[in-house]
Amino acid sequence: GSQNAVIVSDDHRWLFAVNAGSNSISSFRIRPGQRLELVDTVASGGSMPTSVAFRRGLLYVLNAGVPNNTTGFRVAGDGTLTPLPSSTRPLSADSTSPAQVGFDDEGTTVIVTERATNLVDTYTVGRDGRLTGPFVHPSAGPTPFGFAVDKRNTLFVSEAGAGGGASSYRVGADGSLARVSSMVMTGQRAACWAVVTRNGRYGYVTNAGTGNISGFRIGKDGSASLLNADGVTAVTGGNPTDAAVSDDSRFLYALVNGTNSIAVLAIGADGSLEPLSSLTGNPAGLAGLAAH
């Protein structure tokens, strides 16, 4: 259970993926027609890598094995990966059940969610790409899981604890987190994966326990509120276990492992979701989802 097991670079040239079973990460070149070409595979700097984040030639991986850590890599112009010396940093403890690593919108802060400890870690990114931290922050709600950051540096975090929901924060230049909306409850179960639209107006969490998606309106001040009073913006069935938004924010995709399908939903101007034809017949056990 993690978010960002597979990601696409902002310039759509590269795809990065974790290999949790072999303690490694891989880079792929995206060829015309969306064909993937393996470029490099390197050791992840720890055990059980489950999430990756990329910004401006810098890649950080979250190693969820004990002891937990984050480790950095440089991505060359040809997509090859080089470990960044002395870049490995611990989390708040050796075993925290971490869920995701990601950058803030400015690329100056790295964020990690810890499920077992109900904490959110931040690290500041130095000029040399190495991290300072962790700076440890209590989560506003139980079991922080997936997250996304909008263009105003609002951190939108799903919370998989009882009642399901999400909270929002503003990320400071020094890695600080200021709570804006705390524990906006949906009444759904296992709110695990979170995404936001490019304009920052809407956020969504997938509810693995109830087979649906909850939508949120995100204000300019970072506040989050439910789009639907009952917490149900769309129904996917099965157990949606990951989500991604297209680069133009017109479509939301949800990986539904219970039915071996990918739900496709059109995002309306008001944040509503309209189900379209699903992609079916996928192999069982898929993990990770990216879109561009």
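Everything numeric in this text was worked out from a predicted model, so none of it was measured.

A.B. asks: Hey, could you run me through the environment of asparagine 153 in this one?
C.D. replies: Following the sequence through the fold, asparagine 153 ends up in the loop between strand 14 (144-149) and strand 15 (154-159). Put simply, asparagine 153 and arginine 170 are 17 residues apart on the chain and 6.0 Å apart in space, counted from C-alpha to C-alpha. Setting aside chain neighbours within four positions, we find asparagine 153 in contact with Asp104, Asp105, Glu106, Tyr169, Arg170 and Val171. Here aspartate 104 takes part through its side chain, which lies 3.1 Å from a polar atom of the side chain of asparagine 153.

A.B. asks: I tried to follow the pairing of strand 12 (residues 119-125) on my own but got confused; where do I start?
C.D. replies: The two faces of the sheet receive side chains in turn, since in a regular strand these alternate between them. For strand 12, the buried fraction is high: six of the seven residues fall into the buried class. Sheet topology places strand 11 (residues 109-114) next to strand 12; six bridges connect them, and they run antiparallel. Looking across to strand 12, one finds that threonine 109 is bridged to threonine 124. From the end of strand 11 to the start of strand 12, which pair antiparallel, there are four residues, and asparagine 118 there has a positive phi angle of about 55°. Inspection of the sheet shows strand 12 paired to strand 13 (residues 131-138) by six bridges, in the antiparallel sense. Directly across from threonine 124, in strand 13, lies its bridge partner threonine 132. The hairpin turn running from strand 12 into strand 13, its antiparallel successor, is five residues long, and glycine 129 in that turn takes a positive phi close to 90°.

A.B. asks: I tried to follow the sheet that holds strand 4 (residues 35-43) on my own but got confused; where do I start?
C.D. replies: Strand pairing in a sheet relies on backbone hydrogen bonds. The paired strands run either parallel or antiparallel. Strands sit in the order 1-2-3-4 across an open sheet of four strands; the sheet is antiparallel. Strands at the two margins of the open sheet, each flanked by one partner only, are strand 1 (6-8) and strand 4. Adjacent strand axes in the sheet meet at a mean angle of 20° when their direction is disregarded.

A.B. asks: Help me out: how do you make sense of the side chain of threonine 96 in this one?
C.D. replies: Within the secondary structure, threonine 96 is located in the loop between strand 9 (89-90) and strand 10 (98-103). Classification of threonine 96 as buried rests on a relative accessible area of 0%. Discounting chain neighbours no more than four positions away, the residues touching threonine 96 are Asn68, Leu91, Glu114, Arg115, Ala116 and Thr117.

Calculation criteria
- Residues numbered from 1 in each chain as written.
- Predicted model: local features only at pLDDT ≥ 70, side-chain atom pairs only at ≥ 80, totals over all residues.
- Heavy atoms only, no water.
- Helix = DSSP H or I, 4+ residues; strand = E, 2+ residues; numbered from the N terminus.
- Contact = heavy atoms within 4.5 Å.
- Polar contact = N/O pair within 3.5 Å; in protein donor to acceptor, adjacent residues only side chain to side chain.
- Buried < 20%, exposed > 50% of the residue type's maximum accessible area, 1.4 Å probe, protein only.
- Pairing = 2+ DSSP bridges.
- Axes fitted to C-alpha atoms, helices over the stretch in contact; angles between N-to-C directions.

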